[in-house]
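# Overview (structure and organization)
Chain by chain, the residues run as shown.
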There are 2 protein chains.
Amino acid sequence: MEKHTSEHYAEQLTDIRGRVLRMGGLVEQMTRRVIQSLVQRNAELLPEVQSMETQVNQLHIEIDEACLELIALRQPTASDLRFVAAAMKINTDMERIGDQAINILECAESLLTVPPLKPLIDIPRMADISQDMLKDALDAFVNGDDDLAYRTILRDDDVDQLKDQVFRELLTYMMGDPSTIPRAMDLILVSRHLERIADHATNICEDVIFMVKGKDVRHHGPLS
Amino acid sequence: MEKHTSEHYAEQLTDIRGRVLRMGGLVEQMTRRVIQSLVQRNAELLPEVQSMETQVNQLHIEIDEACLELIALRQPTASDLRFVAAAMKINTDMERIGDQAINILECAESLLTVPPLKPLIDIPRMADISQDMLKDALDAFVNGDDDLAYRTILRDDDVDQLKDQVFRELLTYMMGDPSTIPRAMDLILVSRHLERIADHATNICEDVIFMVKGKDVRHHGPLS
């Protein structure tokens, strides 16, 4: 009986981990597709992004429920409790990454109805780094790899720098030719949404470090 | 002994509630001050906002620790667990409101070094509504008032509409006179940061409803 219960407990933890990964894969796909649609100027990829968001929202609710149920019924130990608390926080960040992908989708919808301003400057590169950060953050979570989490956090600065560069370039465009303003504004917003995706990946890494080390690196850690 | 333990337990819950309120008061003040500094064109108010953020970051860590400790050592019942889970989520949203106030501060710093573009359009009104929403969200949390939480969520649409209006007006400005672009961009960003403060207040309300009703209104509720 004891054995049976503890097996079920381990299954519940595995189930939570699996759902977090599924959700992470979905928001990563959403970001990838929406940027692909911008780069290829192909609006046909957008409805799929929208339908992935429905699944993300469903998982968001399910993960919170599974975590609360486990806490309520199982009284997890210190390290399992940290895992569950991290899963709940990561859940929130992933849901907001999905929101950012939808924000980018809205910019893409308007950008794809007008002629392109010019190649997308550093936006595809920002997207690549943000997606890599998210992927590494989730790998760090699954493997309890705080070292990977630390290294991933450091890449956030690259994204911030690219965002500033995109902003400066587009500002020059706008000032030179006011007819480019609406398109340039949309691209600036896309770059800010990507920056926020990288921020959420950073949050996830901080939660992983807390989970592994039992210490809070937010605000006072060597990295902030 | 039993009595003593349960008194201490009640104290811990009260302590968490108190810290959440203190942090809420701080992020509300931060938002108020930074907008005041923009309206009055008074950069002297800004250092205080920065020092409040240090306190907010400290409370952010303390609240999470207090919540995890209570869950680990006290095995809270269903409704207390929902309260603690809500406190942790609200904690995250409040910390991000503080981040938004700092983002506004950065825009203010650059706006206060140049002549004003014109009166700040609807930005002060957006700030008023966002601050009210935050205040009501925290009142709803403290009093377990899901009705107030529902009503507060509805106001988020007003903020979104004002944000779109600010954007349209400033776009017209920029297109008419490219020399206004850098200032107009800063104001557009301020309005987006305010919109995000209102979004976080909305998240807090959703957590309050979950805490009171035990049901999840995110994504599938009548309001989303």
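Reference entry: report on the structure contained in this document. Once a new chain begins, its residue numbering starts again from 1 and follows that chain's sequence as written. The lettering of chains begins at A and the numbering of ligands begins at 1, in the order of writing. In view of the model being predicted, local features appear only for residues whose pLDDT reaches at least 70, and side-chain atom pairs are presented and counted only at 80 or more, with totals across whole chains, interfaces and linings using the full set of residues. In computing side-chain properties, one takes all heavy atoms of the structure into account and sets aside hydrogens as well as water.

### Here we look at the relation of the copies chain A and chain B
The second copy of the chain is related to the first by a rotation about an axis and a shift along the axis. The two copies are related by a screw motion: chain A maps onto chain B through a turn of 180° and a shift of 0.0 Å along the axis, at an RMSD of 0.0 Å. One copy is carried onto the other by what is essentially a two-fold rotation axis. By definition, residues are in contact when any of their heavy atoms lie within 4.5 Å. Counting the interface residues of chain A, we find that 97% of their copies in chain B are interface residues as well, pointing to one common contact surface. All copies are superposed by least squares; the fitting set is the C-alpha atoms of residues with a pLDDT of at least 70 in both.

### Brief notes about the packing of helix α4 (residues 123–143) of chain A against helix α7 (residues 181–213) of chain A
Residue and element names in this part refer to chain A. Where α4 meets α7, the axes come as close as 9 Å, and the angle between the chain directions of the two elements is 20°. In terms of orientation, α4 lies roughly parallel with respect to α7. For the pair α4 and α7, the crossing hand works out as left-handed. Any residue outside Ala, Val, Leu, Ile, Met, Phe, Trp, Tyr, Cys, Pro, Asp, Glu, Lys and Arg is labelled polar, Gly included; the first ten of those are nonpolar and the last four are charged. Of the residues contributing to the contact of α4 with α7, the split by class is 18 nonpolar, three polar and one charged. Lines fitted to the C-alpha atoms define the axes, with helices restricted to the stretch that makes contact. Angles between their N-to-C directions range from 0 to 180 degrees. Segments assigned H or I by DSSP are reported as helices when at least four residues long, segments assigned E as strands when at least two residues long, and all are numbered from the N terminus. Each angle gets one of four labels, with under 35 degrees taken as roughly parallel, over 145 as roughly antiparallel, 65 to 115 as roughly perpendicular, and the rest as oblique. Helix crossings are classified by the rotation of the near helix relative to the far one: an anticlockwise turn of less than a right angle makes the crossing left-handed, while a clockwise turn makes it right-handed.

### Concerning the state of the cysteines
Residue and element names in this part refer to chain A. Two cysteine sulfur atoms form a disulfide, by the criterion used here, when they sit within 2.5 Å. In total, this model carries zero disulfides over all chains according to the counting rule given. This cysteine, C205, is not joined by any disulfide, and C67 carries the nearest cysteine sulfur, 18 Å off. Judged by its relative accessible area of 0%, C205 falls in the buried class. A 1.4 Å probe rolled over the protein chains alone gives each residue an accessible area, and that area as a share of the maximum for its type sets the label: buried under 20%, exposed over 50%, partly exposed in between.

### Thoughts on the side chain of R196 of chain A
When you line up the elements, R196 of chain A lands in helix α7. Buried charge without a salt bridge: R196 of chain A, with D199 of chain B as the nearest opposite-charge side chain at an N-O distance of 6.1 Å. For the charge count, each Lys or Arg is scored as positive and each Asp or Glu as negative, with His and the chain ends excluded. Whenever a carboxyl oxygen of Asp or Glu lies within 4 Å of a side-chain nitrogen of Lys or Arg, that contact is scored as a salt bridge.

### Here's the deal with the interface of chain A and chain B
Size of an interface: often given as the accessible area lost when the parts come together. With 37 residues of chain A at the contact, the number on the chain B side is 36 residues. Once two parts are joined, some of their accessible surface, as seen by a 1.4 Å probe, is lost; buried area is that loss totalled over both. Overall, the association of chain A and chain B removes approximately 3,300 Å² of surface from exposure, summing both partners, and the carbon and sulfur fraction of that is 69%. Taken together, the connections running from chain A to chain B amount to four salt bridges. Among the ionic pairs, K89 of chain B bridges to D64 of chain A, the shortest N-O distance being 2.7 Å. Polar contact is the term for a pair of N or O atoms within 3.5 Å; when the atoms are in protein, one must be able to donate a hydrogen and the other to accept it, and sequence-neighboring residues count only if both atoms are side-chain atoms. Viewed at the interface, chain B and chain A are joined by four residue pairs in polar contact (both at pLDDT 80 or more). Put simply, the parts of the chain that give the side of chain A that touches chain B at least two residues each are α2 (46–74), α3 (78–111), α6 (156–176) and α7 of chain A. Element by element, the count of residues in the side of chain A that touches chain B is highest for α7 of chain A, at 10 residues. Counted by class, the side of chain A that touches chain B contains 18 nonpolar, 10 polar and nine charged residues.

### Some details on the packing of aromatic side chains
Residues and elements named next belong to chain A. Stacked, edge-to-face and tilted are the three classes for Phe, Tyr and Trp ring pairs, Trp counted by its six-membered ring, which pair at centre distances within 6.5 Å; planes under 30 degrees apart are stacked, over 60 edge-to-face, the rest tilted. Tallied over the entire structure, the rule returns two aromatic pairs over all chains. The interplanar angle of 10° and the centroid separation of 5.4 Å between the aromatic rings of F83 and F141 together place this pair among those described as stacked. On the criterion of sequence distance, the pair formed by F83 in helix α3 and F141 in helix α4 is long-range, its members being 58 residues apart. A residue is classified by how much of its surface remains accessible, and F83, at 6% relative accessible area, is buried. Since its relative accessible area comes to 1%, F141 is described here as buried. Cation placement over rings: the criterion is NZ of Lys or CZ of Arg within 6 Å of the ring centroid and within 35° of the ring normal. In this structure, R192 is placed above the aromatic ring of F167, and the distance from its NZ or CZ to the ring centre is 5.6 Å.

### What about helix α6 (residues 156–176) of chain B?
Multiplying 1.5 Å by the residue count of a helix minus one yields the expected span of that helix. For α6 of chain B, spanning 21 residues, the distance from its first C-alpha to its last is 31 Å, which sits close to the expected 30 Å at 1.5 Å a residue. Along α6 of chain B, the residues that are buried comprise D156, V159, L162, K163, V166, F167, L170, L171 and M174 of chain B. Taken together, the buried residues of α6 of chain B touch α7 of chain A together with α4 (123–143), α5 (146–154) and α7 (181–213) of chain B.

### A word on the pattern of salt bridges
Residues and elements named next belong to chain A. Tallied over the entire structure, the rule returns 26 salt bridges over all chains. Put simply, R19 and D15 hold a salt bridge, and the shortest N to O gap is 3.0 Å. Of this pair, R19 and D15 both sit in helix α1 (residues 2–39), four residues apart, roughly one helical turn. As a salt-bridge pair, E48 and R33 come within 2.5 Å of each other at their nearest N and O atoms. You can see E48 sitting in helix α2 and its partner R33 sitting in helix α1, a full 15 residues away along the chain. With a relative accessible area of 34%, E48 lands in the partly exposed category. In the salt-bridge network here, residues are joined through shared partners; they are D15, R19 and E62.

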